[in-house]
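What follows is each chain in one-letter form.
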Amino acid sequence: TRFTIMAARLRMLTRGMAAVADAARPRRQVRFPRNNYEWYVQPSEFHPDEDVGSGDIAAGPEPSYQKVSTGYQTYTHATPFQCRLTENADDGVIQNLTVAYETWGQLDASKSNAILLHTGLSASSHAASHPANLNPGWWERFIGPGRAIDTNKFFVICCNVLGSCFGSSGPSSINPATDKEYAMGFPLVTVEDFVRSQFLVLDALGIRSLHAAVGSSLGGMQSLTAAALFPDRVRNMVSISSAARSHPTAIALRYMQRRILMADPHWRGGNYYGREFPYLGMKHAREIATIGYRSGPEWDQRFGRRRAQPDAAHSFCPEYLIETYLDYQGTQASHKYDPNSLLYISKAMDMFDISEGRGAVADAVREKIRCPALIIGVQSDILFPIDQQRELASGLKARADVPVMYYELDSIYGHDTFLIDVSSVGGAVKGFLECSW
């Protein structure tokens, strides 16, 4: 009938109008991170309009790192410095080598109470506060009167490593041949170069013999190298959460940090100085690094599977507390360190192998290290697995003529334990340094 036909046409018209309205309605999408390289990470992907540093991201102990631009002294070498690798930019020669350093305590009359403190990857020479820089240092609670490194007894020197951005020569330094930043024109540097440059500072200070070389992480690689290169000048050696050579897992983590950083279009082959800064590449590189610095047991206790906003819709943005923590750590680091320095120094760690050309690690350390040694390892360390510290201690103990102390800690804080656990790490260091062999 006519009524039936009209009703059918009306239904078709209604469906058509509904389809048009449905097409015009905005489609809901799953939220995702703002990985827009034109958007500066300021300060966080999780809360782009808030300072997450003022909040409490599942509060826990965190090391203190500062962007240091003042308060240090510098040593400038009078002649060109030849790096170990000669198949290198400028044949591995650094003109006007500069090393930034800071000191604490007093050098005694015989100049024999000096301790050379070696830094980790991203640390400056500012290990502790002093009148020229009152800000807390990265080992603030370990250095001072009566502390692990007692400045009433010892004169402490801490140098910023080559390749860094805190006063020592590095990719952000001015190349005298071009009057521009070195960038990727800076030579590849090695742990051996770090140590040799630091001993030039000791020479300038008139220090021929060290009471001890002390270091953690990359710093432990340096203290091992110092004892191996200068056996007549290093009387004691401390290596904390370090190794005789980098573990494949550590190499893999640092490799991915470098690849992610270099994938940022603002990196521009290292030539970003005075231009857009590769914030996102640096941020994400640091997020990967943080995974290696802490441990699963700590994160299980500290974050679990809790969400930052339990009632919010699920998305690809930082959602779980562990994700917001990584986001925060990456954001903070992206503003404090030069990306090219991260490339150079992380590569130096990967290349390090004290047993190179000597076969097994045990044979190499037994042959090269002739002074009393303290080795400290952490069972939850992912970056430098505990087996590497056991290997070091075992090799050193094979020498019956020198004392070797070994401590294995069950801390849940992973690799960062050396920055956090003042009682265990500091107590062991203090006991060793003040021991009379």
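In case you missed it, the structure is sitting above this.
From a predicted model like this one, the values you see are computed outputs, not experimental measurements.

Engineer: Would you mind showing me how to read the pairing of strand β13 (residues 373-378) here?
Structural biologist: Each regular strand carries side chains that alternate between the two faces of the sheet. With six of its six residues buried, β13 lies for the most part within the structure. The side-chain alternation of β13 yields two buried faces, one formed by A373, I375 and G377 and the other by L374, I376 and V378. As judged from the four bridges shared by strand β12 (residues 237-240) and β13, these two strands associate in the parallel manner. Following the sheet pairing, V238 is matched in β13 by L374. As defined by bridge partners, β13 adjoins strand β14 (residues 404-409) across six bridges and the pair is classed as parallel. Paired with I375 across the strands is Y406, a residue of β14. Running through helix α10 (residues 386-397), the crossover from β13 to the neighbouring parallel element β14 is right-handed.

Engineer: How should I be thinking about the pattern of salt bridges in this particular structure?
Structural biologist: Pairing between side chains of opposite charge can happen when the charged atoms of each approach one another. Under the definition given, this model contains 21 salt bridges. Its salt-bridge partner being D350, residue R254 comes within 2.6 Å of it at the nearest N-O pair. Of this pair, R254 sits in helix α4 (residues 248-263) while D350 sits in helix α8 (residues 339-351); the two residues are 96 residues apart in sequence, bridging distant segments of the chain. In terms of burial, R254 and D350 fall into one category: buried. Here the salt bridges do not stand alone but share partners, grouping D150, K153, K430 and E434 into one network.

Engineer: Explain α4 here, please?
Structural biologist: Note: α-helices contain 3.6 residues per turn, so residues at a spacing of three or four share the same orientation. With 16 residues, α4 extends 22 Å between its outermost C-alpha atoms, agreeing within 8% with the 22 Å of an ideal straight helix rising 1.5 Å per residue. Considered for burial, the residues of α4 that qualify are A250, L253, R254, Q257, R258 and L261. An end-on view of α4 places all buried positions within 135 degrees of arc, on one side of the element. Exposed residues on α4 whose side chains face more than 90 degrees from its buried face are P248 and A263. In this fold, the buried residues of α4 make contact with α5 (279-293) and α8.

Engineer: What should I look at first to understand the sheet that holds β13 in this one?
Structural biologist: Read across the sheet, eight strands follow the order β1-β4-β8-β5-β11-β12-β13-β14 without closing on themselves; strand pairing throughout is mixed. Bordering the open sheet on either side are β1 (73-76) and β14, each of which pairs with just one other strand. Pairs of neighbouring strands in the sheet enclose a mean axial angle of 20 degrees, with direction left out of account. Strand direction decides the pairing type here: strand β5 (residues 114-118) and strand β11 (residues 212-216), joined by four bridges, are parallel. Residue pairing across strands places L117 opposite V214, the latter belonging to β11. The strands touched by helix α3 (residues 218-229) are β5, β11 and β12; relative to β11, the strand with the most contacts, the crossing angle is about 155 degrees.

Engineer: What exactly am I supposed to notice about the packing of helix α9 (residues 361-368) against α10 here?
Structural biologist: Here α9 crosses α10 at 50 degrees, and the two axes come no closer than 8 Å. Accordingly, the angle class assigned to the pair α9 and α10 is oblique. In this structure, α9 meets α10 at a crossing whose hand is right-handed. Here V361, A362, V365 and R366 of α9 lie close against α10, whose contacting residues are E391, L392, G395 and L396. Grouping the amino acids of the contact of α9 with α10 by side-chain chemistry returns five nonpolar, one polar and two charged.

Engineer: Is there a simple way to think about the side chain of D150 in this case?
Structural biologist: Summarising the element assignment, D150 is placed in strand β7 (residues 149-150). Residue class for D150 comes out buried when judged on its relative accessible area of 5%. Within the structure, D150 has its side chain in polar contact with the backbone nitrogen of G146 (distance 2.8 Å). Each residue touching D150, except ones within four places of it in the same chain, is listed here: G144, P145, K430 and E434.

Cut-offs used in this document
Residues numbered from 1 in each chain as written. Predicted model: local features only at pLDDT ≥ 70, side-chain atom pairs only at ≥ 80, totals over all residues. Heavy atoms only, no water. Buried < 20%, exposed > 50% of the residue type's maximum accessible area, 1.4 Å probe, protein only. Helix = DSSP H or I, 4+ residues; strand = E, 2+ residues; numbered from the N terminus. Pairing = 2+ DSSP bridges. Right-handed = clockwise from strand over helix to strand, strands pointing away. Salt bridge = Lys/Arg side-chain N within 4 Å of Asp/Glu carboxyl O. Expected span 1.5 Å × (residues − 1). Arc of directions from axis to C-beta. Contact = heavy atoms within 4.5 Å. Axes fitted to C-alpha atoms, helices over the stretch in contact; angles between N-to-C directions. Parallel < 35°, antiparallel > 145°, perpendicular 65-115°, else oblique. Left-handed = near helix turned anticlockwise from the far one by under 90°. Nonpolar A, V, L, I, M, F, W, Y, C, P; charged D, E, K, R; others polar. Polar contact = N/O pair within 3.5 Å; in protein donor to acceptor, adjacent residues only side chain to side chain.

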